[in-house]
Amino acid sequence: MAVFDTPEEAFGVLRPVCVQLTKAQTVENVEHLQTQLQSVSDSALQELQQYILFPLRFTLKTPGPKRERLIQSVVECLTFVLSSTCVKEQELLQELFSELSACLYSPKSQKPAAVSEELKLAVIRGLSTLMHSAYGDIIVTFYEPSILPRLGFAVSLLLGLAEQEKSKQIKTAALKCLQVLLLQCDCQDHPRSLDELEQKQLGDLFASFLPGISTALTRIITGDFKQGHSIVVSSLNVFYKTVSFIMADEQLKRISKVQAESTVEHRVAKLMVHREADWVKSTGGKLTILIKKIIECVSVHPHWKVRLELIELVETLLLKCSQSLVESAGPLLKALVGLVNDESPEVQAQCNQVLRHFAGQKVVVGNRAFADILSENLHSLATSLPRLMNSQDDQGKVSSLSLLLGYLKLLGPKVNFVLNSVVHLQRLSKALVQVLELDVTDIKIVEERRWNTDHLSASPKTSAMRPWSQVQRRYFRFFTDERVFLLLQQVCQLLGFYGNLYLLVDHFMGLYHESVFYRKQAAMILNELVIGAAGLDVEDLHEKHIKTSPEELREIVTSILEEYTSQENWYLVTCIKTEEMREELTLKQPGFQAITSGAHNTCQATSLPAFSKPSPTICSMNSNIWQICIQLEGVGHFAYSLGEDFRLLLMSVLYPVLEKAGDRTLLISQAATNSMMDICHACGYDSLQHLINQNSDYLVNGISLNLRHLSLHPHTPKVLEVMLRNSDASLLPLVADVVQDVLATLDQFYDKRASSFISVLHALLVALAQWFPDTNHVGQPQEHTAEKEESHLNQRILENNATTAEDIEYFLLSYLKEKDVADGNVSDFYNEEEQSKPPEVDEKDTGPDVEPPLPVQIQIATDVMERCIHLLSDKSLKIRLKVLDVLDLCVFVLQSHKNQLLPLAHRAWPSIVQRLTNDDPLAVLRAFQVRVT
């Protein structure tokens, strides 16, 4: 609390100090005065304000050179007085303003004086405090035309300090003081708002400074990043507040066309500006140049707070100066939409908030002029997008696509004005198609094969962890950054969400049919259009937008799926394997030319003399693989978009997807598996097994029908194979008849399609071994490995801890028997077996009673083993190896039914011996494993 509360007490204390300072202007006297002032109350200081200011002002006005330290002390003491009091006289305010400004001016050089940084900082703070101390209407009356020269001097002084000084503290203080002088500060000391007339008067006055202020601030903003982000943020703040005040549409519409007669002297009148239409147009054009420079620099500034301030600049200028700065609307909108996907969450959130505000207030969407600007910018960007994708680095591509995405978000439903134009739609679609071009030159795509025969999904939980939006890793010609692909996905989704879906699907379906070169890209775009139309993960800035109805979406999805799964688009050549090539060519003779005609010229064809038709190149096969994968991915996307409604389409989709799940190409198999997982999630199935079991009736029916026309449906065995690998024993009654059809077809086409049928039989026997384990047989199904063979030969040794003479004798006898078999002495082996094992009499045999019917799995295994006996001598080593595997499984399934197993084993034995004695080493090893079993 102050010691002296009354003016009388304060005067008694301060009078000697003031008199002493008037007589001797020294630093000590000034500091003594400031010390005494700290013990006086604010009310007493207010009464004695001019008396205290007199010696301080006298010190500043005294002619002759003065020490900087003295001036600094005087200015600091004066600032202290002004911070505790109010200036109530206009004349005093103007005089103090001039005296403080003169402290930094050198009359000789007519430039800012070369004084210490401490003095500059003290004067800047003094000016700021002086303007805040103005009381009531004094601050408004201060800004009369006669003050224009002195105000202009102070503005230029502060701009010079902000631009040229190296001290960050001085730069920041100068910019804040400039804000105060222009009445644009955010502090609470200026609570009184200006009326329309006062705003117009101040706007006319400040318009004289607009060229200098805007130019100097632009130089500061676009300067070196090393000056610090706070300087740039403050400069941006002063820039947009000043420009939005002087160029405000609300003020300019009240400006008369004819300038009123000036009442000030001629010298001052020449400095005044009349803000009529021509001046507004000319100034707006010049400001547009500066704004473009600012946006170009600030939009890529490394500090997020600078980019955040840029959003404030865009919002303020678009809201307040949409008519006066109409030429700047395009660059401003471009800056705003370019920050939609900024790496900073704060910038991204603020940008989205501003976009929502524009959409809600109809600032952009409801204003035709802005919609035209956006449409033109969108068309211009779409035209240059392929060139930008080919020439820019990845960061530049991200910026360009973020800009495209922002335009779509900002246009919202108005994007249909662009899409309804044939030229606009063609430009945009061709740009997207060219940008999404895949790199199909990698040979790894076609050579990666699926060798394992495991289940498609190890468990339902693992599939549930997979997000629907996950896609296979792809390599594009024009970019490598995954962010670019994610932005392209969002662009397509927004087009599907806001655009006319029927128009877009029809257009991209046209591109899909137009050329093989466009087909993969068009399919990717169609997949994302449907996702967007469903409103999945799309941020809607326009609340009144009407989404596509589920019925319309289902109709569109149905038409796309029909195109995807058609013969010419679903069964493409993906490898040069002889048998599969024959199947594909038989299936698609008319359309083969269309499939391979789109191959890149840079790839050379692989010769295949077995066919007269041109063989597919590596590039064309890679392209076909990716096309199938993208279409399979689309099936999963469509399922996710429709949800439970996708059950209505399962009968037409599930069978083709299962075909691809059994494909030997790794990428296709993976894509089909992922698609089936998406179908499970969307339609409410617990697992792939549940999906297959619930729809097995019509799947089995389709397999049975297609087996009758195998030349037209060569992939039918793959469907049955996938079903068997991913189901349980409940499927067996349904497929029992189909298995007989498969065996009958195998008998008919054993010389042409044995490989695919043997794979099905192998899957069938594996399933039977798992579904019906032999409870009477101690142990687990045998794994045919070298360790298992050795365990058979040394079983008795493993059972006993010590090696005995009997063990050694048993080992030697076993070794001799195996050696005889390897040498072809089969008859000796049989004689020994017959002598060592006399025939056993079944005690339970009750006579010639009729035997009970065999279980289904035993009958199937018996039938399969009969076919295997005939195929053991096939000329193809691959088929012989597969047949030996199937034969081994048949023995395991039939091991508890000796009456069926032994006759078949007897029939198979000569062929097995032939494999052991006269065949490829791989076949010998596999046959030996079967013999051990």
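Scoring rules and cut-offs
Residues numbered from 1 in each chain as written. Predicted model: local features only at pLDDT ≥ 70, side-chain atom pairs only at ≥ 80, totals over all residues. Heavy atoms only, no water. Helix = DSSP H or I, 4+ residues; strand = E, 2+ residues; numbered from the N terminus. Buried < 20%, exposed > 50% of the residue type's maximum accessible area, 1.4 Å probe, protein only. Contact = heavy atoms within 4.5 Å. Areas by Shrake-Rupley, 256 points an atom, 1.4 Å probe, with all protein chains shown as cover. Core = buried A, V, L, I, M, F, W, Y, C linked by side-chain atoms within 4.5 Å. Polar contact = N/O pair within 3.5 Å; in protein donor to acceptor, adjacent residues only side chain to side chain. Phe/Tyr/Trp six-rings, centres within 6.5 Å; stacked < 30°, edge-to-face > 60°. Lys NZ or Arg CZ within 6 Å of the ring centre and 35° of its normal. Patch = residues over 30% accessible without salt bridge, like charges linked within 9 Å, V, L, I, M, F, W, Y side chains within 5 Å. Salt bridge = Lys/Arg side-chain N within 4 Å of Asp/Glu carboxyl O. Lys, Arg positive; Asp, Glu negative; His and termini not counted. Charge placed at Lys NZ, Arg CZ, Asp CG, Glu CD. Axes fitted to C-alpha atoms, helices over the stretch in contact; angles between N-to-C directions. Parallel < 35°, antiparallel > 145°, perpendicular 65-115°, else oblique. Left-handed = near helix turned anticlockwise from the far one by under 90°. pLDDT = per-residue confidence, 0-100. Expected span 1.5 Å × (residues − 1). Nonpolar A, V, L, I, M, F, W, Y, C, P; charged D, E, K, R; others polar.

**Description of the overall build of the protein**
Then step 1. When helices and strands are tallied, the protein shows 48 helices and two strands.
Then step 2. Looking at the protein residue by residue over its 933 residues, the buried ones come to 53%.
Then step 3. Counting contacts in the protein only where the partners sit at least 6 residues apart, residues at least 24 apart contribute 77% of the total.
Then step 4. Surface exposure of the protein reaches about 44,000 Å², of which carbon and sulfur atoms provide 52%.

**Things to note about the nonpolar core**
A general feature of soluble globular proteins is that nonpolar side chains tend to end up buried together.
Then step 1. By size, the foremost hydrophobic cluster in this structure holds 288 residues, and its most contacted members are Phe206, Leu495, Phe646, Leu765 and Val864.
Then step 2. Apart from residues lying up to four places away in sequence, Leu765 is in contact with Ala861, Val864, Val886, Leu889, Cys890 and Val893.

**Observations regarding the side chain of Ser641**
Then step 1. Within the secondary structure, Ser641 sits in helix H33 (residues 618-642).
Then step 2. Residue classification places Ser641 among the buried residues on the basis of a relative accessible area of 13%.
Then step 3. A distance of 2.9 Å separates a polar atom in the side chain of Ser641 from the backbone oxygen of His637.
Then step 4. If sequence neighbours within four positions are ignored, Ser641 has contacts with Val530, Ile531, Ala534, Leu536 and Leu553.

**Regarding the packing of aromatic side chains**
Then step 1. According to the stated counting rule, one finds 12 aromatic pairs in the structure shown.
Then step 2. Measuring from centroid to centroid gives 5.3 Å for Phe476 and Phe485, while their planes differ by 35°, and the two rings are tilted.
Then step 3. Through successive ring pairs, a cluster of aromatic residues spans Phe97, Phe142, Tyr143, Phe206 and Phe245.
Then step 4. A cation sits over an aromatic face here: Arg519 above Tyr512, 5.6 Å from the ring centre.
Then step 5. Taking the ring centre of Tyr685 as reference, the NZ or CZ of Arg647 above it sits at 4.4 Å.

**Describing a negative patch on the surface**
Then step 1. A grouping of Asp5, Glu8, Glu9 and Glu47 is seen on the molecular surface, where their side chains present a negatively charged patch.
Then step 2. With respect to the secondary-structure elements, Glu47 resides in helix H3 (residues 42-47).
Then step 3. Taking the relative accessible area as the measure of exposure, Glu47 reaches 59% and is therefore exposed.

**Some words on the packing of helix H21 (residues 394-411) against helix H26 (residues 482-498)**
Then step 1. Where H21 contacts H26, the two axes come as close as 9 Å, and the packing angle between them is 15°. It follows that H21 is roughly parallel to H26 by the angle criterion. Relative to H26, the crossing made by H21 is left-handed. The segment H21 lies against H26, with Asp394, Gln395, Lys397, Val398, Leu401, Ser402, Leu404, Leu405, Leu408 and Lys409 engaging Arg483, Val484, Leu487, Leu488, Gln490, Val491, Leu494, Leu495 and Tyr498.

**A word on a nonpolar patch on the surface**
Then step 1. Taken together, Phe11, Val19 and Tyr51 make up a surface patch of nonpolar side chains, about 210 Å² in accessible area.
Then step 2. Inspection of the secondary structure puts Phe11 in helix H1 (residues 7-23).

**Quick notes on the environment of Glu250**
Then step 1. Along the chain, the position of Glu250 falls in helix H14 (residues 249-252).
Then step 2. Along the sequence, Glu250 and Lys320 sit 70 residues apart, while their C-alpha atoms lie 7.7 Å from each other.
Then step 3. In terms of polar contacts, Glu250 uses its side chain to reach the side chain of Lys253, at 3.1 Å.

**So, the confidence of the model for the protein**
Then step 1. Chain-level pLDDT for the protein is 80 on average; 81% of the residues reach the 70-or-more range.
Then step 2. Considering only residues more than four positions removed or in separate chains, one finds that residues 457-469, a stretch of pLDDT under 50, has 19 contacts.
Then step 3. Segment residues 777-802: pLDDT under 50, and 26 contacts once partners within four positions in sequence are set aside and those in other chains are kept.

**A closer look at H21**
Within an α-helix, residues lying three or four positions from one another point in the same direction, as the helix has 3.6 residues per turn.
Then step 1. Over its 18 residues, H21 runs 26 Å from end to end, which matches the ideal 26 Å to within 8%, given 1.5 Å per residue.
Then step 2. Summarising burial for H21: 15 of the 18 residues are buried, a large majority.

**A look at the side chain of Ser324**
Then step 1. Considering the arrangement of structural elements, one finds Ser324 in the loop between helix H17 (304-320) and helix H18 (329-338).
Then step 2. Among all residues touching Ser324, those that are not within four sequence positions of it are Met247, Asp249, Leu252, Val280 and Gly284.

**Structural notes on the pattern of salt bridges**
Then step 1. For the coordinates displayed, the defined rule picks out 20 salt bridges.
Then step 2. Among the salt bridges present, the one from Glu99 reaches Lys61, with a minimum N-O distance of 3.2 Å. Remark: Lys61 occurs in helix H4 (residues 49-61) and Glu99 occurs in helix H6 (residues 90-102); sequence separation between them is 38 residues.
Then step 3. Given the relative accessible area of 12%, Glu99 is considered buried.
Then step 4. A salt bridge links Arg725 to Glu721; the shortest N-O distance between them is 3.1 Å. Of this pair, Arg725 and Glu721 both sit in helix H38 (residues 716-725), four residues apart, which is roughly one turn of that helix.
Then step 5. If you follow the salt bridges from partner to partner, you end up with Arg57, Lys61, Glu95 and Glu99 in one network.

**Points about unusual backbone geometry**
Then step 1. Positive phi is not limited to glycine here, since Leu183 has a value of about 60°.
Then step 2. Within the element layout of this structure, Leu183 appears in the loop between helix H10 (168-181) and helix H11 (196-206).
Then step 3. On the basis of relative accessible area, Leu183 is assigned to the partly exposed category, the value being 21%.

**Points about the packing of helix H27 (residues 501-514) against helix H29 (residues 550-564)**
Then step 1. Where H27 contacts H29, the two axes come as close as 11 Å, and the packing angle between them is 5°. Judged by the inter-axis angle, H27 sits roughly parallel to H29. Counted together, Leu501, Tyr502, Val505, Met509, Tyr512 and His513 of H27 and Glu552, Leu553, Glu555, Ile556, Ile560, Glu563 and Tyr564 of H29 form the full contact between these two elements.
Then step 2. Here the contact of H27 with H29 is composed, by residue class, of nine nonpolar, one polar and three charged.

**Notes on H38**
Then step 1. H38 sits mainly inside the fold: 10 of its 10 residues count as buried.
Then step 2. Looking at H38, one finds that the buried residues are Thr716, Pro717, Lys718, Val719, Leu720, Glu721, Val722, Met723, Leu724 and Arg725.
Then step 3. The inward-facing, buried residues of H38 contact helix H34 (650-661), helix H36 (688-694), helix H37 (696-707), helix H39 (732-748) and helix H40 (754-771).

**Focus on the environment of Gly684**
Then step 1. Examined against the element boundaries, Gly684 turns out to sit in the loop between helix H35 (666-683) and H36.
Then step 2. What makes Gly684 partly exposed here is its relative accessible area of 42%.

**Some thoughts on the environment of Val30**
Then step 1. Mapped onto the elements, Val30 comes out in helix H2 (residues 27-37).
Then step 2. When the C-alpha positions of Val30 and Gln20 are compared, they lie 9.5 Å apart, and in sequence the two are 10 residues distant.
Then step 3. Residue contacts for Val30: discarding those within four places in its chain leaves Leu21, Leu70, Ser73, Val74 and Cys77.

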